[in-house]
Amino acid sequence: MTLIATESLTKVYGGEVTALSDLTVAVEPGIVGLVGANGAGKSTLIKLLLGLLTPTRGRIQVLGLDPTADPAAVRARVGYMPEHDCLPPDLSAAELVTHLGRISGLPRTVARERASEALRHVGLHEERHRPVGGYSTGMKQRVKLAQALVHDPDLLLLDEPTNGLDPAGRDAMLALVQRIGTEFGISVLVCSHLLGEVERICDTLVAIEGGRLLRADHIAAMTSATDVLAVEVSEGTEELAARLAALNLPVGREGRLLLVPLADQRTYDLILGAVAELDLPLHRLDQRRHRVAELFARRENSHV
Amino acid sequence: MSEPTGVIHDIGYQRYTGPRLGRRHVFGAMYIHGVRTAFGLGRSAKAKIFPWLVVGIVLMVAAAVTAIRSQIGEVVMTYAQFADAMSWLVIFFVAVAAPELVSRDLRSGVLPLYFSRPVPQADYPLAKLLALITALFLLLGAPQLLMFLGGAFTADGMGAVWDELLDLLPGLLYAGLWAVVFASVGLLVASMTGKRAFAAGGIVAVFLMTTPIVGILSVLPSQAANQLSGIASPPTLVQGVGIWAMRDLLITDLAEGAGPDLGPYGPVYALAAVALVAGCVALLLARYKKVAAR
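Remember, it's a predicted structure, so these values are computed and weren't measured experimentally.

**Student:** If you had to explain the confidence of the model for chain B to someone new, which residues and values would you point to?
**Tutor:** Confidence in the prediction of chain B, expressed as mean pLDDT, is 87, and 94% of residues score 70 or more. For chain B, the element scoring lowest by mean pLDDT is helix H10 (residues 223-228) of chain B, at 82; helix H1 (residues 23-38) of chain B scores highest, at 94.

**Student:** Residue-level account of the interface of chain B and chain A, with values.
**Tutor:** The partner chain A presents 41 residues to the 30 residues of chain B that form the contact. Together, the buried faces of chain B and chain A total about 3,200 Å²; carbon and sulfur atoms form 54% of this surface. The largest per-residue losses of area from chain B upon contact with chain A belong to B:Tyr13, B:Arg15 and B:Arg117, which jointly make up 24% of the total buried on that side. Put simply, chain B and chain A have four salt bridges between them. Here B:Arg43 ties to A:Asp90 by a salt bridge, and the two come within 3.6 Å at their closest N and O atoms. Taken together, the connections running from chain B to chain A amount to 17 residue pairs in polar contact (both at pLDDT 80 or more). Listed by contribution, the elements that provide at least two residues to the side of chain B that touches chain A are H1, helix H4 (87-108) and helix H5 (111-115) of chain B. Here the residues of the side of chain B that touches chain A sort into 16 nonpolar, seven polar and seven charged.

**Student:** How would you summarise the domain arrangement of chain A if you had to cite specific residues and measurements?
**Tutor:** Splitting chain A by domain gives domain 1 (4-217) and domain 2 (228-288). Placing a centre on the C-alpha atoms of domain 1 of chain A and another on those of domain 2 of chain A gives a separation of 46 Å.

**Student:** An account of the pattern of salt bridges is needed here, citing residue identities and associated values.
**Tutor:** All told, the structure shown has 21 salt bridges over all chains when counted by the stated rule. With a closest N to O distance of 3.0 Å, A:Arg200 and A:Asp171 form a salt bridge. Placement of A:Arg200 in the loop between helix H7 (195-198) and strand E8 (204-209) and of A:Asp171 in helix H6 (residues 167-182) is noted, with a sequence separation of 29 residues between them. Look at A:Asp171 and you get partly exposed, because its relative accessible area is 40%. Here A:Arg179 ties to A:Glu183 by a salt bridge, and the two come within 3.1 Å at their closest N and O atoms. If you follow the salt bridges from partner to partner, you end up with A:Asp90, B:Arg43, B:Glu100, B:Arg104 and B:Arg196 in one network.

**Student:** Describe in detail unusual backbone geometry, supporting the description with residues and values.
**Tutor:** All names here are of chain A. Positive phi outside glycine occurs at Ser-8, with the angle close to 45°. Mapped onto the secondary structure, Ser-8 falls in strand E1 (residues 4-13). Phi angles above zero are rare outside glycine, and Asp-279 is one such case at about 55°. Among the structural elements, Asp-279 can be located in the loop between helix H10 (265-278) and strand E13 (282-288). Residue Asp-279 is classed as exposed on the basis of its relative accessible area of 66%.

**Student:** Any details on the packing of helix H7 (residues 157-190) of chain B against helix H8 (residues 196-208) of chain B? Residues and values, ideally.
**Tutor:** In helix packing, the relevant descriptors are the interaxial angle and the interaxial distance, both defined with respect to the helix axes. All names here are of chain B. Where H7 contacts H8, the two axes come as close as 8 Å, and the packing angle between them is 135°. Considered as vectors, H7 and H8 are oriented oblique to each other. Note on packing geometry: the crossing formed by H7 with H8 is right-handed. Between H7 and H8, the contacting residues are Phe-182, Val-185, Gly-186, Val-189 and Ala-190 on the first element and Ala-199, Gly-202, Ile-203, Val-206 and Phe-207 on the second. For the contact of H7 with H8, the per-class residue count stands at eight nonpolar, two polar and no charged.

**Student:** Can you lay out the side chain of A:Thr204 for me, pointing to particular residues and giving the numbers?
**Tutor:** All names here are of chain A. Looking at where Thr-204 falls in the secondary structure, it is placed in strand E8. Judged by relative accessible area, which is 7%, Thr-204 ranks as buried. Setting aside anything within four residues of it in sequence, one finds Thr-204 in contact with Val-27, Ile-31, Val-32, Gly-33, Asp-217, His-218 and Ile-219.

**Student:** So what's going on with the packing of aromatic side chains? Which residues, and what values?
**Tutor:** All names here are of chain B. A full pass over the atoms with the stated rule returns 10 aromatic pairs over all chains. Taking the centre distance of 5.9 Å and the plane angle of 70° together, the rings of Phe-115 and Tyr-124 count as edge-to-face. For Tyr-124, a relative accessible area of 0% puts it in the buried group. Aromatic pair Trp-178 and Phe-182: ring centres 4.7 Å apart, planes at 35°, arrangement tilted. With Trp-178 and Phe-182 both in helix H7 and four residues apart, the pair spans about one turn of that helix. By relative accessible area, which is 0% here, Trp-178 ends up buried. Taking the relative accessible area as the measure of exposure, Phe-182 reaches 0% and is therefore buried. By way of ring pairs, the aromatic residues Tyr-114, Phe-115, Tyr-124 and Tyr-288 are connected into one cluster.

Rules of the game
- Residues numbered from 1 in each chain as written.
- Chains lettered and ligands numbered in written order.
- Predicted model: local features only at pLDDT ≥ 70, side-chain atom pairs only at ≥ 80, totals over all residues.
- Heavy atoms only, no water.
- pLDDT = per-residue confidence, 0-100.
- Helix = DSSP H or I, 4+ residues; strand = E, 2+ residues; numbered from the N terminus.
- Contact = heavy atoms within 4.5 Å.
- Buried area = accessible area lost by both parts, 1.4 Å probe.
- Salt bridge = Lys/Arg side-chain N within 4 Å of Asp/Glu carboxyl O.
- Polar contact = N/O pair within 3.5 Å; in protein donor to acceptor, adjacent residues only side chain to side chain.
- Nonpolar A, V, L, I, M, F, W, Y, C, P; charged D, E, K, R; others polar.
- Domains from an automatic or database assignment.
- Buried < 20%, exposed > 50% of the residue type's maximum accessible area, 1.4 Å probe, protein only.
- Axes fitted to C-alpha atoms, helices over the stretch in contact; angles between N-to-C directions.
- Parallel < 35°, antiparallel > 145°, perpendicular 65-115°, else oblique.
- Left-handed = near helix turned anticlockwise from the far one by under 90°.
- Phe/Tyr/Trp six-rings, centres within 6.5 Å; stacked < 30°, edge-to-face > 60°.

Set out below in structure tokens:
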């Protein structure tokens, strides 16, 4: 089943501001990272997925349902955590999440039970009976996540869940999101402007820029094919480069480093053999995992 | 072998397969939540002070009226007159309850959490409106019920109790009219701003600042303007409808010229009240249509 599918999705605000343009993407269930700079169209996409906005052109499907035609059916199965503050300060977390569970259609007692469960899962225990106004930012983010989870959705839409958190808080939130995606069996769409953050927990990555799709793929496909070996020798760099080229290895240069794409285990042997034959002092040989960020950086450069 | 007691097992995340209730139940949940909010229930002690102060005052007035009637036998005010006499308190109750119901939610940004759930857009403002109407009706109706019980227990015979009931029903209807008009206007004003103080001030302003207009119109040399002057302000509009529909119950002072003279325009007052409520509800729905898309 496709989790989210869009086809030439376009949203123009007031006839002039184009927030999304011709976006076609299909993602499978799992943890999906939606990355893009501020103003790239992430929040607009989320509102379209919830049926809060109507697309100007194109089509959109969530869990096989059309949010434009039947928003209630989509919203019943989706949990949404907004980016901004959305918690009334004088209610306790338990009351708020219970009330919102009832708004999602849970019977009264079930709503109360599931609210405490959801709050427990996000790590709020006795403090859930205190007014939200006195909570730290980290606790508020957890309450926001709990209210999205209370009605047991099939898909969570998280808009910048790590916003305003310190590094430890970010790690905890990301670990929580990962747990929801893997242990709870709920698909998650995580929005962020920080690629380094979401790439750690995602199965799939969707990058948008200026309302256009930059790239959408499984994270494994993005990183595996791009590993390189970095070789550094104290002297004889030119000789080694020539020798490796003679062995049919595509050699790149980066300062004093020679970069060789890692095709398979044999690449190591070939390089070590060449170094030994030339009797060069090997300074280092290590595998470099290309981070997704570099992929986008390279792509953006080629655009310019 | 006995089971160990007091052990908490982490059973992990549980999927929910039970029933999901429909629109009617969700509306009911929002409505009940709204009525409780209006009286400060489920909130801090501070939020309870004002609503219950007002409730206390109206109940005390009702108790006093009942006591005077049973001791001296003099009818200080009829059931219908009760709402008129309490109009200031009703206005202040609306000025506190309406911002509590809608301005708070606007300010805290909680609305996206409602509108991202399977709730039709119009249900949120309508549930709040119905809740405020109910709160106002309870505020005006409960004291009348107290007066009725006092009157019924001191009355001689079933016939007198029946007469008493026939007096009470129009009084409750009139209280309902007050509730509907004041709730619609008050909620619309409150929904315009997230600042509770502004909303409260705006509500008092709408109800009280329009009074001078009535005063000016009522001294103009045109008789039609005098007779229509009450339409300019919600409290006098409601009174006008009351006087048109149940003059005998509202004006007990039989002296000539007591109470405002509507001339032939009674039905105009009724139409104006209907139009005012309809207009406020339409604007309220339009307002939330805009808010939901943000």
